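Structural features, examined
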Amino acid sequence: MIDPHGRVVIVGGSIAGLTAAEELRSRGFEGELVLVEAETETPYARPPLSKAVLSGKEEPDDARLPSFDHLELEFWSGVEVTGLDTERKRLRVQGDDIRFDGLVIATGARAATLRDHGANEGDAPEVVLRTMNDAIALRNRLRESDDIVIVGGGILGMEIASTASALGLAVTVVDRIPAMLGAVGSHLSDLVMRCAAQAGVTYTIAPDGARLQNAGDRVLVHTATGTLEAGIVVSSVGCRPNVEWLMSSGLAVIPGLVVDERCRVTPDIVAAGDVVSVTGGRRQPHWSNALDQARTAASALLQGEGATPYDHRPYFWTEQFGLSLKIAGNGPPTGEPTMLDGSADDLAAILQWVEDGRPVAAAALNRRIPISRLHNLAGHH
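Attention now goes to the layout of surface pockets. Here the second largest pocket is characterised by a volume of approximately 390 Å³. If you go around the second largest pocket, you meet 21 residues; those closest to its centre are Lys 51, Ala 52, Ser 55, Lys 57 and Glu 319. Those elements that provide at least two residues to the lining of the second largest pocket are α2 (52–55), α4 (155–166), β21 (315–320) and β22 (323–329). The element contributing the most residues to the lining of the second largest pocket is α4, with four residues. A breakdown of the residues in the lining of the second largest pocket according to their chemical character gives nine nonpolar, seven polar and five charged.

Now the structure itself:
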């Protein structure tokens, strides 16, 4: 627990960082709040980047987070934190130190690349989509290009494929497994694959993965079954937590910054969002987790053991190929779902998966439904 009149520093101007600030103020924290962000951009939400912003339906300013003037915080933008001294309660920032009584770590993650995975040993250009600048740059390139290969058929990769297809590009997606299988299970994966094919997207399953090679103004994508080429190759192969600045801190940071059931690293250091690895060594980089973890983390700073533990309730949503899909549940659902309403053939349904007589997941396909109801259908209470 920290002094409610002390100083809390939040590292990361993400939705997790700002939600933690909101929660601290709402719980009566009256002290000094300092928000430190490496990007020079005004804080923004990431989900719209691969959807409305990339397609051009919305402008970058539409993705900005609401004004946080009411939080009375000191905002330091374009400032990179380079180290942490947990004993002295100091952050190292560009040759200076920042003292804190409580610390919220919300430094998020960055896009992984095929080069990170040893599959681009040359200088083949890889495009990623993680930041606002990434989204603007890719949007501009899509308007000028004829074809694109996307390596990675997860949620982000398929959203990019949907947008590129709608813009008239020839689109190929390459992955080791069918589209979004690891996130939504086989039933919804099959549906996404059908809709993508109807939109003209070619999906190539390459169990051994893909390797990039530079070919002048083109990029070659080698798989075990052949070679693809395109003017743009997007790598959508996951993300890596931004923990390098913590390597000398003595904290556990593999695979992400390890926290307890109340999102605490130490009694006066908490963390939330894509940088976090919850107990058990799992990272869950989704928007809803960032919000829930931030609220838990802020509460733990002020209440310690009296704070309510983090309740992991997985949820995400995606828009692609005419599908608006919201899904809640633990892990990818297996087996055939029950149709609670509508029909998957009509692309409008509410689905539920049940195991051993208990609901374990639920999805809304092109249906408006309160998130709370979807959680209830998934067995979250």
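From this point, the narrative continues.
What follows concerns the packing of helix α1 (residues 15–26) against helix α6 (residues 287–303). Direction vectors running N to C along α1 and α6 enclose 40°, while the axes themselves pass 8 Å from each other. It follows from the interaxial angle that α1 and α6 lie oblique. Note on packing geometry: the crossing formed by α1 with α6 is right-handed. Note on element contacts: α6 touches α1 through Trp 287, Ala 290, Leu 291, Ala 294, Arg 295, Ala 298, Leu 301 and Leu 302, opposite Ile 15, Ala 16, Thr 19, Ala 20, Glu 23 and Leu 24. Here the contact of α1 with α6 is built from residues that sort into 11 nonpolar, one polar and two charged.

Turning our attention to the environment of Leu 188. With respect to the helices and strands, the residue Leu 188 is situated in helix α5 (residues 181–198). Measuring from C-alpha to C-alpha, the distance between Leu 188 and Asp 3 comes to 49 Å, with 185 residues separating the pair along the chain. Those residues in contact with Leu 188 that lie beyond four places of it in its chain are Leu 325, Ile 327, Leu 351, Trp 353 and Ala 363.

The next subject is the packing of aromatic side chains. Enumeration according to the criterion identifies one aromatic pair in this entry. Note that Lys 51 overlies the ring of Trp 317, its terminal NZ or CZ placed 4.3 Å from the centroid.

Glancing now at the sheet that holds strand β5 (residues 90–93). Sheets are built from strands that pair by backbone hydrogen bonding, the pairs being arranged parallel or antiparallel. Taken in spatial order, the three strands line up as β4-β5-β6 in an open sheet, and their pairing is antiparallel. Bordering the open sheet on either side are β4 (81–85) and β6 (96–99), each of which pairs with just one other strand. Adjacent strand axes in the sheet meet at a mean angle of 25°, parallel and antiparallel pairs treated alike.

This brings us to helix α3 (residues 132–142). Three or more residues of α3 are buried, namely Met 132, Asp 134, Ala 135, Leu 138, Arg 139 and Leu 142. All buried residues of α3 project into a common sector of 155° when viewed along the axis, lining one side. Those residues of α3 that are buried are in contact with α2, β9 (147–151), α4 and β15 (232–235).

Tracing the backbone shows Asp 268 in the loop between β18 (264–266) and β19 (269–271). A polar contact is formed between the side chain of Asp 268 and the side chain of Lys 89, at a distance of 3.0 Å.

Moving on, we get to the pairing of strand β1 (residues 7–11). Summarising burial for β1: five of the five residues are buried, a large majority. Here β1 shows two buried faces, one formed by Arg 7, Val 9 and Val 11 and the other by Val 8 and Ile 10. In this fold, the crossover linking β1 to strand β2 (residues 32–37) by way of α1 has right-handed handedness. Where β1 meets strand β7 (residues 102–105), four bridges bridge the pair, whose relative direction is parallel. Pairing of Val 9 across the sheet is with Leu 103, part of β7.

For the rest of this paragraph, the subject is α5. An ideal rise of 1.5 Å per residue puts 26 Å on 18 residues; α5 reaches only 19 Å between its terminal C-alpha atoms. At His 187, α5 shows its largest kink, close to 90°. Listing the buried residues of α5 in full gives Val 184, Gly 185, His 187, Leu 188, Ser 189, Leu 191, Val 192, Cys 195 and Ala 196. One or two residues past the end of α5 sits Gly 200, with phi positive at roughly 95°.

Looking now at the pattern of salt bridges. The final tally for this structure, using the stated rule, is 23 salt bridges. Notably, a salt bridge pairs Glu 41 with Arg 64, separated by 2.7 Å at the nearest N-O pair. Taken together, the residues span a long stretch of sequence, with Glu 41 in the loop between β2 and α2 and Arg 64 in the loop between α2 and β3 (73–77) at a distance of 23 residues. For Arg 64, a relative accessible area of 24% puts it in the partly exposed group. Here Asp 260 ties to Arg 264 by a salt bridge, and the two come within 3.0 Å at their closest N and O atoms. Judged by relative accessible area, Asp 260 falls into the partly exposed class, the value being 23%. Salt bridges linked by common partners bring Asp 260, Glu 261, Arg 262, Arg 264 and Glu 305 together as one network.

The rules we used
- Residues numbered from 1 in each chain as written.
- Predicted model: local features only at pLDDT ≥ 70, side-chain atom pairs only at ≥ 80, totals over all residues.
- Heavy atoms only, no water.
- 1 Å grid on protein atoms, 1.4 Å probe; cavity = no way out; pocket = protein on both sides within 12 Å on 5 of 7 lines; lining within 4 Å.
- Points joined across faces, edges and corners; volume = space filled by probe spheres on them.
- Helix = DSSP H or I, 4+ residues; strand = E, 2+ residues; numbered from the N terminus.
- Nonpolar A, V, L, I, M, F, W, Y, C, P; charged D, E, K, R; others polar.
- Axes fitted to C-alpha atoms, helices over the stretch in contact; angles between N-to-C directions.
- Parallel < 35°, antiparallel > 145°, perpendicular 65-115°, else oblique.
- Left-handed = near helix turned anticlockwise from the far one by under 90°.
- Contact = heavy atoms within 4.5 Å.
- Phe/Tyr/Trp six-rings, centres within 6.5 Å; stacked < 30°, edge-to-face > 60°.
- Lys NZ or Arg CZ within 6 Å of the ring centre and 35° of its normal.
- Pairing = 2+ DSSP bridges.
- Buried < 20%, exposed > 50% of the residue type's maximum accessible area, 1.4 Å probe, protein only.
- Arc of directions from axis to C-beta.
- Polar contact = N/O pair within 3.5 Å; in protein donor to acceptor, adjacent residues only side chain to side chain.
- Right-handed = clockwise from strand over helix to strand, strands pointing away.
- Expected span 1.5 Å × (residues − 1).
- Bend = angle between axes of the 7 residues up to and from the residue.
- Salt bridge = Lys/Arg side-chain N within 4 Å of Asp/Glu carboxyl O.

Everything listed here is a matter of geometry and, on its own, says nothing about what the molecule does.
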